[in-house]
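A closer look at the structure
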Amino acid sequence: FYSTYGHVYKLAQAVAQGAREVSGAQVDLKRVPETLPQDVLEKMNAIQAQKEYESIPIAQPNELGNYDCILFGTPGRFGNMAAQMKTFLDATGGLWMA
């Protein structure tokens, strides 16, 4: 997931909780790397919100092939996904071309 202010994080937690109720399911909750500089996040008043989920591991593009199912969570911006999620997904091209 990617979340600036924690809204998508809360959604991701709820989805993960529901998935864990499925017998035999193993659920990993991960976030994509932040690409905004610290000073920009401070101006956006996003630092405190992001501290809430800083302990969530950061996903690595090469890990995606290890999963049977992947759910992505991202806010929308002018009809597109967040740039942080797009940057992460753009880094996965080698996985899908193999």
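The model shown is predicted, which means the values in this text are computed figures rather than measured ones.

**Topic: the nonpolar core**
Counting seven residues, the largest nonpolar core is built from Tyr-2, Val-32, Ala-59, Leu-64, Ala-82, Met-85 and Phe-88. Within the second largest apolar cluster, six residues are counted, among which are Phe-1, Val-8, Tyr-9 and Ile-56.

**Quick look at the layout of surface pockets**
Roughly 690 Å³ of internal volume is contained in the largest pocket. At six residues, the largest contribution of residues to the lining of the largest pocket is made by helix H1 (residues 7–20). Broken down by class, the residue content of the lining of the largest pocket amounts to 20 nonpolar, three polar and five charged. Along the wall of the second largest pocket there are 14 residues; nearest its centre are Thr-4, Arg-77, Ala-82, Ala-83 and Gln-84. When contributions to the lining of the second largest pocket are tallied by element, the ones reaching two or more residues are strand E1 (76–77), strand E2 (80–81) and helix H4 (83–90). Residue classes in the lining of the second largest pocket are distributed as eight nonpolar, five polar and one charged.

**Here we look at the packing of aromatic side chains**
Per the stated rule, a full pass over the model turns up three aromatic pairs. With 5.6 Å between their ring centres and 75° between their planes, Phe-1 and Tyr-53 make a pair best called edge-to-face. Within this pair, whereas Phe-1 is found in the segment before H1, its partner Tyr-53 is found in the loop between helix H3 (47–51) and E1, the two being separated by 52 residues in sequence. Comparing Phe-1 with Tyr-53 shows no difference in burial state: the two are buried. Following the ring pairs from residue to residue traces out a cluster consisting of Phe-1, Tyr-9 and Tyr-53.

Rules of the game
- Residues numbered from 1 in each chain as written.
- Predicted model: local features only at pLDDT ≥ 70, side-chain atom pairs only at ≥ 80, totals over all residues.
- Heavy atoms only, no water.
- Core = buried A, V, L, I, M, F, W, Y, C linked by side-chain atoms within 4.5 Å.
- Buried < 20%, exposed > 50% of the residue type's maximum accessible area, 1.4 Å probe, protein only.
- 1 Å grid on protein atoms, 1.4 Å probe; cavity = no way out; pocket = protein on both sides within 12 Å on 5 of 7 lines; lining within 4 Å.
- Points joined across faces, edges and corners; volume = space filled by probe spheres on them.
- Helix = DSSP H or I, 4+ residues; strand = E, 2+ residues; numbered from the N terminus.
- Nonpolar A, V, L, I, M, F, W, Y, C, P; charged D, E, K, R; others polar.
- Phe/Tyr/Trp six-rings, centres within 6.5 Å; stacked < 30°, edge-to-face > 60°.

So, to be careful, I would describe these as geometric facts and stop short of saying anything about function.
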